[in-house]
Amino acid sequence: MADTPSVLVIGGGSTGCGIARDLAMRGLDVTLVEKGNLTHGTTGRMHGLLHSGGRYAVSDQASARECIQETRVLEEIASHCVEETGGLFVKRPEDTEEYFERKLRGCDECDIPTEVLSGREARQREPYLAKDIDKAITVPDGAIDPFRLCVANAVSAENHGARIETHAEVTDLLVEAGEVVGVEVRHQSGKGTRSHGAAGTIEEIEADYVVNATGAWAGQIGEMAGVDIEVRPSKGVMTVMNVRQVDTVINRCKPKGNADIIVPHETTAILGTTDAEVDDPEDYPEEQWEVDLMIDELSKLVPKLQSARTIRSYWGVRPLYEPPGSGTTDSEDITRDFFLLDHAERDGLPGMTSIVGGKFTTYRMMAEDISDHVCAKLGVSATCRTADVALPGSKNYRVLEDAMDDYGLTSPIAKRSTQRLGSRAEEVLSITDPNPVVCGCEGVTRAELQDAIGQAGTDLNAVRIRTRASMGNCQGGFCTHAMAQELHPEYDAAQSYAALDELYQERWKGQRHALWGEQLSQAMLTYALHATTMNRDSDPVDREEAIDFSAFDDGGDAATGTDTRTTAADGGAHGD
Amino acid sequence: MAIEQDVLVVGGGLAGITAAISAAESGAHVRLVSYKQPTLRHASGLIDVLGYTPDGEGPIVDPFDAVEDLPEGHPYERVGPAAIEAGLDLFDDIAGDTYEGNHTDRNALVPTHGGAVKPTARYPDSTAAGLASDGRDALLVGFERLVGFDAPLAAKHLAAAGAPFDARGVTVEFPVELSADPKVTRFAHLLDQDKPIGGGTRGVRRALAELVNGRLDGEARVGFPAVLGDDHPREVRTDLAEHIGADVFEVPMGPPSLPGIRLEDRLYEALDEAGVSIETGNPVVGFEADGDRVESVVVDRTGNDVPYAAEEYVLATGGLVGKGIDSDREGVEEPVFDCHVAQPSDRYDWFEDEAFGDHRFARFGVDPDRELRPMDAGGTPEFSNLRAAGSVLGNYDFAAEKSGSGVSLATGFHAGRLAGEGAT
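Computed from a prediction, not measured in an experiment: that's the story for all the values here.

### So, the interface of chain A and chain B
Often, the extent of an interface is quoted as the loss of accessible area upon association of its parts.
Consideration 1: Each side of the interface is counted separately: chain A has 65 residues, and chain B has 77 residues.
Consideration 2: Taken together, the elements giving at least two residues each to the side of chain A that touches chain B come down to α7 (288–298), β22 (437–439), α15 (480–485), α16 (493–511) and α17 (517–533) of chain A.
Consideration 3: Its residues assigned to classes, the side of chain A that touches chain B comprises 31 nonpolar, 25 polar and 9 charged.

### Re the sheet that holds strand β13 (residues 209–212) of chain A
Residue and element names in this part refer to chain A.
Consideration 1: Pairing is mixed in the open sheet, where 6 strands are placed in the order β9-β2-β1-β13-β21-β20. Strands at the two margins of the open sheet, each flanked by one partner only, are β9 (163–165) and β20 (338–342). The sheet shows a mean angle of 15° between the axes of neighbouring strands, direction not considered.
Consideration 2: In this structure, β20 lies alongside strand β21 (residues 352–357), joined through 5 bridges in antiparallel fashion. Each residue of the ladder has a partner; that of L340, found in β21, is I355.
Consideration 3: Along the sheet, helix α1 (residues 14–25) makes contact with β1 (6–10), β2 (29–33), β9, β13 and β21, crossing β2 at roughly 165°.

### Structural notes on the pairing of strand β16 (residues 261–265) of chain A
All names here are of chain A.
Consideration 1: The element β16 is extensively covered by neighbouring structure, given that 5 of its 5 residues are classed as buried.
Consideration 2: By the alternation rule, side chains of β16 split into I261, V263 and H265 and I262 and P264, which are all buried.
Consideration 3: Sheet topology places strand β15 (residues 249–252) next to β16; 2 bridges connect them, and they run antiparallel. Each residue of the ladder has a partner; that of N251, found in β16, is I261.
Consideration 4: Inspection of the sheet shows β16 paired to strand β17 (residues 268–272) by 5 bridges, in the antiparallel sense. In the strand pairing of β17, I261 is matched with G272.
Consideration 5: In this antiparallel pair of consecutive strands, β16 and β17, the connection spans 2 residues, and E266 shows a positive phi of 50°.

### Side note on the nonpolar core
Consideration 1: In this structure, A20(A), V211(A), V10(B), A20(B) and V314(B) are the most contacted members of the largest nonpolar core, which totals 300 residues.
Consideration 2: Residue contributions to this core peak at 10 residues, all from helix α3 (residues 75–95) of chain B.
Consideration 3: Each residue touching V314(B), except ones within four places of it in the same chain, is listed here: V7(B), V9(B), V10(B), A19(B), R387(B), A389(B), A415(B), G416(B) and A419(B).
Consideration 4: The next biggest cluster of nonpolar side chains, apart from the first, holds 5 residues, and it includes A425(A), V428(A), L429(A) and A447(A).

### Some thoughts on the packing of α1(A) against helix α9 (residues 363–378) of chain A
All names here are of chain A.
Consideration 1: Where α1 meets α9, the axes come as close as 8 Å, and the angle between the chain directions of the two elements is 50°. It follows that α1 is oblique to α9 by the angle criterion. In this structure, the crossing between α1 and α9 has a hand that is right-handed. Note on element contacts: α9 touches α1 through Y363, R364, M366, A367, E368, I370, S371 and V374, opposite S14, T15, G18, I19, D22 and L23.
Consideration 2: Class assignment of the residues belonging to the contact of α1 with α9 gives a composition of 7 nonpolar, 4 polar and 3 charged.

### Examining the domain arrangement of chain B
Residue and element names in this part refer to chain B.
Consideration 1: Along its sequence, chain B is carved into domain 1 (3–99 + 261–423) and domain 2 (113–251).
Consideration 2: Distance from the C-alpha centre of domain 1 to the C-alpha centre of domain 2: 34 Å.
Consideration 3: Each partner contributes to the interface: domain 1 provides 19 residues, whereas domain 2 provides 10 residues.
Consideration 4: Looking at the side of domain 1 that touches domain 2, the elements that each hand over two or more residues are α3 and α8 (258–273).
Consideration 5: Split into classes, the residues belonging to the side of domain 1 that touches domain 2 amount to 10 nonpolar, 5 polar and 4 charged.

Cut-offs and rules
Residues numbered from 1 in each chain as written. Chains lettered and ligands numbered in written order. Predicted model: local features only at pLDDT ≥ 70, side-chain atom pairs only at ≥ 80, totals over all residues. Contact = placed C-beta atoms within 7 Å. Helix = DSSP H or I, 4+ residues; strand = E, 2+ residues; numbered from the N terminus. Nonpolar A, V, L, I, M, F, W, Y, C, P; charged D, E, K, R; others polar. Pairing = 2+ DSSP bridges. Axes fitted to C-alpha atoms, helices over the stretch in contact; angles between N-to-C directions. Buried ≥ 20, exposed ≤ 12 C-beta atoms within 10 Å, placed from the backbone. Core = buried A, V, L, I, M, F, W, Y, C linked by C-beta atoms within 7 Å. Parallel < 35°, antiparallel > 145°, perpendicular 65-115°, else oblique. Left-handed = near helix turned anticlockwise from the far one by under 90°. Domains from an automatic or database assignment.

Pasting the structure below:
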């Protein structure tokens, strides 16, 4: 056994990145492999709510207590990822008084601070709330950027010596003498950051212990070693509005139900959600009725939503789990608690533990639990420090925000940049080269993109989640090509265009669910810019047949009056 | 009391302007009302006629060879090749020597800011020296603070497409101190004004030329992003060419597009010259009809509903981008006259999953008869004196075909002439 015990973490979501950070900070030799981008699975497809615990205060008080506790931690260690918006549970006339009281009492029992507002007071705070909202309970809900949080955890892990490999899919578990001893991964474009067009490679990575943090995909990893992990993936839709109709998280104060939350997120508001069990976490229907339900139901809380513009919808898959034999039929009733499955105890397969269930807000606590477990297995006595040490970008962030120079950027741009970068802003933005804005909707500058490209290589979707570039109103219509141009000359022309095609297609994917009214108009404009002006849909480089350039107009010799036109060009044909 | 004219054109883009001038040339008194800024300034300024067939074959060398094979209902099929020619002739008259390409029926391949070439029938004279079928070597010059055109990348992409010349790209700092993030028009105005910089007598154009000279390696032509002047583009280009000692051309850019803005300016001058009355900024909010005839349209003039009566009407309000075609979750409509717009009832059939798929929404629009009168679902004209032109028409995908300007010119010409003749 090597001097430093080695751990391999499978899955680059919030849990996996949290575990990698935790173990790396405890001095272990950590490698994390993720088959897509960081956040590629469930983390990147959540609604961005930082739970105060209010949502679970009646049905699941243990979860509620964990949520309020972890919310407080994240406000400290991840301040640049969190917006302390506050939240409201609003009661409509048809929602019961009894449940309102239970919610209030439940929050109280879980130490979640509340206040009761009259309908009028609630509307003073959020003017677009429906006129018939009776009353509301305030809770300390917040908004969180899951992308930034996940990346910050990964960067912290790397700073503590971890190796993070994205686009590295586990193709097999290495089992020797009945024990998991590592994994075989396929690197899509070799080791390190992604580079479009580079050849794929296979690598066997041995480790003293393997953690399966793949959430809804945990069963697929388990299968590779012949163990059953019965995750029950449940899909939910999120519909993104183009502006923030509300600045506070709005929850509907009623027992479980679809379409009961609006989360202000960056420049947008996100409507959520549905809860329906699916067979395959990567292949399930994304349906029109779900989008319509979000708009129609949540318009009862904020009527303005009925005619507001949505820019896209996306679906996420919850990694719900319940112990065998529980037999819950409605996925909404499955616990949000998390489970640590030690396959040595459970299946007689030592060397690996899976973590399933749970929720985003408590990712750090889950990571702490499993890290404790792994350390116990490996005989390491180091303790967890993740609750006390700020994530990269978060340190002294508020102080920094006050003192920020503008780095030559116009003020709103500087503000947006520093919100995203936190205390890393100085390091990223203090460059002397020209630093124009590349994404106008989100105010993302070249320096910020270059910083992200340094982390993500040619993967523009990974650049996107780090910067928000291409995530605004135009959904990339005006900037995807400019983002791809930022890859050159570090990467070659063919890679830049391949990366552009991939990003453009990804942006299209979510917009398909928002194609009416303003956003259909926007989509047509984007299509026209990329197809008509830039001819990206019929780019000769992508076509098999070579163009015979000599057959086309070469400018002729207009000066000598050469006229090769078959008909008169003297304008005589019209107007008479 | 209604404001009266022979022909009323609703919409101020390329199709509406063409229709208005075409109607005026037939002797009619024409008024053009438009609400918002036309989409011309979003567009490259290139006048495409047909670059690809609806099946995606192409690039087409001669659009007129391909027009005959277009499917029934396509705007070109409705108006026929003669109207396409006539529309182009009308455009050539208006554009004069600011556009080229009318010496041949063949398309030109113009390098664009994304690096790909695209087929087009007419092109601003500022782009003429940049054609991809011209065998002379080219240097592309980009500016550090102007995103969207990466000259070295575009040059490599031209080579990858097999362009018959050597292209090289360089990126330079514009020779005037600029904010981090200057607007496209800022570059154009600095070049227009050509003020001395650095306290000397050397102007901006000369300074830029000298920067480029240091990077030139015998190339016979030099391409810049399309920011070479707003008010004085020709002078800017001539000066740069003289100082550099090579031909100078522009590479068309996305919005806001200087070539598009220049064309818009020229078109509005032409409207004036043709004696068309122009009103901008007021929306058409309704209409009155008597049987199958439109009697008047209602214009909202700062809160007052004012009727405008005419013998003939031309609807040229644009497509989805210009809002001449609008939609909500339930369906797609033509909002001014509520003309029939064919559409799948399920909005998830409006698009394809591939970003550049054969999107049904791109072909949304009214369905006209051969006199360009929008027809109802049963194939009968909605009104006897209402015609439609430009991208409010359906049954074609201008983005995929590269046919937007050509359809606007051909149908604008045709609708305008028929309206003018019908009204006088």
